[in-house]
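The residues making up each chain are set out below.
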Amino acid sequence: MSHSKRPHCNSGNSSSSSGGPSFSSMKKAKSQQPSGPFSLEKNGIQPQRSSLNDDDDDDEESMFIDEDVKAVAPNVLGIGCSGNTTGMAANLSRKKATPPQPAKKLVIKFTKDKPKLPSNFEEDTWATLKSAITAIFLKQPDPCDSEKLYQAVNDLCLHKMGGNLYQRIQKECEAHISTTLQSLVGQSPDLVVFLSLVEKCWQDLCDQMLMIRGIALYLDRTYVKQNPNVRSLWDMGLQLFRKHLSLSPEVEHKTVTGLLRLIERERLGEAIDRTLLNHLLKMFTGLGIYTESFEKPFLECTSEFYAAEGVKFMQQSDVPDYLKHVELRLHEEHERCLLYLDASTRKPLVATAERQLLDRHTSAILDKGFSMLMDANRIEDLHRMYGLFLRVNSLESLRQALSSYIRGTGQGIIMDEEKDRDLVSCLLDFKASLDTIWELSFSKNEAFSNTIKDAFEHLINLRQNRPAELIAKYLDEKLRAGNKGTSEEELESTLDKVLVLFRFIQGKDVFEAFYKKDLAKRLLLGKSASIDAEKSMISKLKTECGSQFTNKLEGMFKDIELSKEINESFKQSSQARTKLPTGIELSVHVLTTGYWPTYPPMDVRLPHELNVYQDIFKEFYLSKYSGRRLMWQNSLGHCVLKAEFPKGKKELAVSLFQTVLLMLFNDTQRLSFQDIKESTGIEDKELRRTLQSLACGKVRVLQKLPKGREVDDNDLFVFNDEFSAPLYRIKVNAIQMKETVEENTSTTERVFQDRQYQVDAAIVRIMKTRKVLSHTLLITELFQQLKFPIKPADLKKRIESLIDREYLERDKSNPQIYNYLA
C-alpha cells in the first residue's frame with residue numbers, strides 16, 4: 001500500500017466487535033506516539049505495543065500485550081482517516097478474499113528483578129542436609145526424602161553456595177572419621193578380631209561416602225568440576241581417612257602387623273580368611289598408602305622368611321624335592337597376588353622369593369644333585385631345574401655344569417681301554433640320552449646344544465686315533481652281513497647316529513684308512529649287509545667331507561662293478577669254453593691298486609686246478625687290456641667246497657688258505673704240521689691260525705692230535721669222519737681274516753706317513769706365500785690348516801726335514817726365522 005504522506009488517526013475510544021479489552025484507562029506511551037493500538041510506518045502496518053501500568057503497586061511486574069491484528073484492524077481503519085476511502089474499501093474487500101492468517105501468540109516477558117532469597121535460606125537448607133548426613137553416619141533412618149535432599153543441594157549450588165556446602169560436608173565427615181578411628185585404639189589384642197574391626201570401619205566409610213555422594217551428586221558435577229584443586233566427595237573421604245589413620249600410628253601399625261602375621265601363617269600351612277586380607281589390602285590401595293605402609297615391610301618379611309627356609313630345606317632335602325618345593329612356593333606367591341595382593345606386588349614378590357630360594361643356592365643345587373639327575377636321566381626334574389634357573393638368569397651356571405658332567409662322564413668311557421669293544425655303543429647311548437635331555441629338559445636351547453657338541457669333540461679326541469679306528473670298526477660291524485633282524489630304516493638311523501660321532505673326529509684320515517680297509521673286505525668277501533646301505537654311507541661321508549675324501553671309496557665300488565662285467569666277458573670267451581677245468585667255478589675281482597688298501601703279499605702253493613684257472617684268466621685279461629700287470633692277493637680269496645662226510649654231504653664256506661689245507665686231505669687221512677707247512681708254503685703264523693680255525697673252532701672239519709687250543713710243531717691233523725651238522729652249508733670262521741695287531745699297526749703307520757706328506761705340503765705352501773716367517777707363526781698357521789691333531793714336536797721334525805732337503809733355510813741373524821728357498 002503506497003501513500004504520499006503519513007495518515008493521521010483521530011484518537012477515540014473503541015471496542016472491537018469481538019469483545020476485546022477496553023483501552024479507555026490506558027496512559028499515553030512515554031514515546032508520546034499517537035494513541036491507538038496501531039500506527040502506519042514504512043508503507044506498512046506495524047503493531048505498536050501499549051503500556052499498562054498499575055498505579056497502586058509500582059513493584060508489580062508490567063506486561064506488554066499484542067492484540068489480534070485481524071480483530072481490531074477494521075475499526076481502526078474506519079475512524080475518520082484522510083485519504084481515498086473508496087480505494088481503501090476496495091483493498092479491504094480484496095483482503096477478505098485472502099485466506100485467514102494465523103493468530104499471533106501472547107509473549108510474556110519479565111522485566112523486574114528476581115525475587116530475593118530469605119535471609120535464613122542457606123542455614124535452614126544446611127540444617128536439613130546435616131541432619132541427613134548425621135543420620136547416615138549413625139546408621140539411622142532419615143525422615144527427609146532423598147529427592148528433597150538432592151533438590152536442597154541443587155538449590156544451594158544454583159545460588160553460588162557450593163563452596164560453603166563442600167566445606168561443611170567435609171567438616172562433618174572429618175569429625176566422624178576421626179571419632180571412628182580413635183575408637184579402634186586399644187581394641188582387641190586378637191589380630192584377626194582387630195583386622196575385622198578395621199575392615200568394618202572401612203566398609204562403613206565406603207558405604208557412607210557413597211550415600212553422601214549420591215545426595216550431593218550435583219555438588220560433585222558443578223562446584224567440584226569447576227574447581228580443579230578441589231577433590232571429589234569420594235576422594236575427600238579417602239583423604240580424610242588417610243589423614244586420621246596417619247594420626248593414629250597404633251592403628252596403622254597394628255593393621256600392617258596383623259596382615260603380615262596372617263600371610264606368614266598361610267605360608268606355614270594354616271587356613272586364613274583371604275577375603276579379609278583382600279578387603280584390607282584394597283583399603284591400603286584405595287588410600288594410596290599400599291606401597292609405603294604395607295608392600296615395603298611385606299617384602300622384607302618375605303625375604304627373611306624364605307632366606308631361613310631356603311637354608312633349612314637345602315640341608316634336609318635332596319635336590320629334586322627342593323626344586324619341587326621352590327616351584328610350589330613360587331606358584332603360591334603368584335596365586336597370592338591374584339587373590340588378595342595388589343598386582344604391582346607380583347614382580348618384586350616373586351623376585352624376592354626367587355633370590356632367597358634359588359639365586360643364593362644355585363651352586364649348592366648343582367653340586368649336590370645335577371650329576372645324580374643326569375645319571376638317572378630324570379627328564380622332568382631337569383626340566384624343572386632348567387625352568388627355575390632360567391627365572392634367575394643362572395642358565396650359564398647350568399650350562400657349565402652340563403659341560404663338566406659330559407667331560408667327566410665321557411672321559412671315563414673313552415679312557416677305559418678294557419671297554420674299547422663297546423666304546424662306540426656307549427658313546428652313542430650317552431649322546432642319545434643327552435639329546436633327549438636337551439630336547440625335553442633344556443627346551444632345545446641352542447647354547448646347550450653347542451655345549452654338548454664341544455664337550456663331545458673334546459672327548460672323541462682325548463685318544464688321538466683309537467676312537468676313529470673304533471668308529472670305523474663299529475660301522476664295519478653294522479654294515480656286515482649277519483645283522484639279521486635289523487630293518488633298512490634302523491640301519492640308516494644307526495648310520496646317521498654314528499655320523500654324528502664322526503663329525504667330532506679331528507683325525508678323519510685315521511677313520512678313512514680303517515673304513516677303507518674294512519670296506520674292502522666286505523666288498524671282496526661278499527660280506528656287505530646291503531650295497532644300498534654301503535652307498536648311502538659313502539654319500540653321507542661325501543656330504544660331510546667332500547668328494548676328495550670319498551674318491552677312493554667310490555673307486556672301490558667301480559672296480560667291483562667292472563669286475564662283474566669282466567667275469568661275464570671271461571665266461572663267454574673262447575679260453576673259458578675250451579681250456580677251463582671242469583667242476584670249478586672261479587670269480588675274479590680286478591682291483592685298481594690306488595683305490596684299495598695295500599695288502600702284504602702272502603705266498604701259497606695252490607692246487608693244480610686253481611693254478612690252471614688263474615693262468616687262463618690272466619691270459620684272457622692281458623689279451624683284452626694290454627700293458628697291465630696282475631698280482632694275485634691270496635689272502636683275500638674265499639671258496640665254497642663240496643665235502644663228503646660219512647654222515648652226509650656238506651658245503652663248506654672257507655677262505656682260500658683253508659681250501660688249500662682241506663684239499664690236502666683228498667689224498668690222505670692224516671698229516672703232520674710240518675707236512676702241511678711244506679706242502680702249502682703258507683707263512684708259519686698264518687698257517688697256525690688257519691689250522692686252529694679248522695681243528696679247534698666250533699666247526700671241526702679236522703681233528704688235532706693231541707687236543708688243545710694251540711697248534712704246536714709236532715701236532716698231527718686227521719680228517720674228521722665223525723663230523724656232522726644240521727645245516728647243509730656251513731661257514732667255517734676264518735681266524736686269519738680277523739684284524740690283527742700287525743694290521744692295525746700297519747694301517748696306523750700308513751696314516752702317519754700320509755700325514756707327513758700333508759704336513760710337508762702345508763709347510764711349503766705357507767712359506768711359499770709368506771717367504772719369511774718365524775717359527776711361532778709357522779706353527780700357528782699349521783695348526784689352523786691341518787685337519788688332524790699333531791704334536792708341535794712332530795711339526796718341528798718335519799720343518800727340520802724340509803731344511804735338510806733345502807726347501808727352507810734358517811735366517812743367519814735369527815735361527816727362529818725361516819726363509820723359503822725358491
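Since we're looking at a predicted model, the values are computed, not measured. (Residues numbered from 1 in each chain as written. Predicted model: local features only at pLDDT ≥ 70, side-chain atom pairs only at ≥ 80, totals over all residues. Heavy atoms only, no water.)

## Thoughts on the overall build of the protein
- A count of helices and strands for the protein gives 31 helices and 11 strands.
- Here the protein, with 822 residues, has 41% of them falling under the buried criterion.
- Within the protein, counting contacts between residues at least 6 apart in sequence, those at least 24 apart form 71% of the total.
- For the protein, the accessible area works out to roughly 47,500 Å², and carbon and sulfur atoms hold 50% of it. (Helix = DSSP H or I, 4+ residues; strand = E, 2+ residues; numbered from the N terminus. Buried < 20%, exposed > 50% of the residue type's maximum accessible area, 1.4 Å probe, protein only. Contact = heavy atoms within 4.5 Å. Areas by Shrake-Rupley, 256 points an atom, 1.4 Å probe, with all protein chains shown as cover.)

## Looking at empty space enclosed by the protein
- Evaluation of the coordinates by the stated rule reveals one cavity of 30 Å³ or more.
- In terms of lining, the largest cavity is formed by Leu129, Ala132, Ile133, Leu149, Val153, Leu165, Ile169, Ile212, Ile215 and Ala216.
- Elements that contribute at least two residues to the lining of the largest cavity include exactly helix H3 (121-137), helix H4 (146-158), helix H5 (162-182) and helix H6 (191-215).
- No other element matches the three residues that H3 contributes to the lining of the largest cavity. (1 Å grid on protein atoms, 1.4 Å probe; cavity = no way out; pocket = protein on both sides within 12 Å on 5 of 7 lines; lining within 4 Å. Points joined across faces, edges and corners; volume = space filled by probe spheres on them.)

## A few points about a negative patch on the surface
- Among the surface-exposed residues, Glu488, Glu489, Glu490 and Asp532 lie close enough to one another that they form a single negatively charged patch.
- By residue number, the principal contributor to the negative patch is helix H20 (residues 488-504), which donates three residues.
- Among the secondary structure elements, Glu489 is positioned in helix H20.
- Its relative accessible area of 61% is what places Glu489 among the exposed residues. (Patch = residues over 30% accessible without salt bridge, like charges linked within 9 Å, V, L, I, M, F, W, Y side chains within 5 Å. Salt bridge = Lys/Arg side-chain N within 4 Å of Asp/Glu carboxyl O. Lys, Arg positive; Asp, Glu negative; His and termini not counted. Charge placed at Lys NZ, Arg CZ, Asp CG, Glu CD.)

## Observations regarding unusual backbone geometry
- Here the residue pair Leu705 and Pro706 is connected by a cis peptide bond, since its omega of -5° sits within 30 degrees of zero.
- Considering the arrangement of structural elements, one finds Pro706 in the loop between strand S6 (702-705) and strand S7 (716-719).
- We note that Lys444 has phi near 55°; this positive angle belongs to a residue other than glycine.

## Remarks on the packing of helix H9 (residues 249-267) against helix H12 (residues 319-339)
- Two elements in contact, H9 and H12, have axes whose closest approach is 12 Å; the angle formed by their N-to-C orientations is 140°. Classed by the angle they form, the pair H9 and H12 counts as oblique. For the pair H9 and H12, the sense of crossing is right-handed. On H12, the residues touching Ile263, Glu266 and Arg267 of H9 are Arg329, Glu333 and Arg336.
- Residues that form the contact of H9 with H12 fall into these classes: one nonpolar, no polar and five charged. (Axes fitted to C-alpha atoms, helices over the stretch in contact; angles between N-to-C directions. Parallel < 35°, antiparallel > 145°, perpendicular 65-115°, else oblique. Left-handed = near helix turned anticlockwise from the far one by under 90°. Nonpolar A, V, L, I, M, F, W, Y, C, P; charged D, E, K, R; others polar.)

## Quick word on the nonpolar core
- Grouped together as the largest cluster of nonpolar side chains are 80 residues, with contacts concentrated most on Phe370, Met385, Leu398, Ile406, Phe511 and Tyr515.
- The contact partners of Ile406, leaving out residues within four places of it in the chain, are Gln411, Phe430, Leu434, Ile452, Ala455, Phe456 and Leu459.
- Judged by nonpolar contacts, the second largest core, of 63 residues, contains Leu205, Val256, Leu280 and Met283. (Core = buried A, V, L, I, M, F, W, Y, C linked by side-chain atoms within 4.5 Å.)

## Brief notes about the packing of aromatic side chains
- Under the criterion given, the structure shown has 25 aromatic pairs.
- Arranged with centres 5.5 Å apart and planes meeting at 70°, the rings of Trp202 and Phe241 form a pair that is edge-to-face. Taken together, the residues Trp202 in helix H6 and Phe241 in helix H8 (residues 233-246) connect sequence positions 39 residues apart.
- Under the relative-accessibility criterion, Phe241 is labelled buried at 2%.
- With a centroid separation of 4.8 Å and 40° between ring planes, the pair formed by Phe442 and Phe448 is classed as tilted.
- Judged by its relative accessible area of 1%, Phe448 falls in the buried class.
- Three or more aromatic residues link up through ring pairs in this structure, and these residues are Phe570, Tyr613, Phe617, Phe620, Tyr621, Tyr625 and Trp632.
- Over the ring of Phe194 we find Lys254; its NZ or CZ atom is 4.5 Å from the centre of that ring.
- The residue whose ring lies beneath Arg267 is Phe305, and the NZ or CZ to ring-centre distance is 5.7 Å. (Phe/Tyr/Trp six-rings, centres within 6.5 Å; stacked < 30°, edge-to-face > 60°. Lys NZ or Arg CZ within 6 Å of the ring centre and 35° of its normal.)

Function cannot be read off these values alone, since they describe shape.
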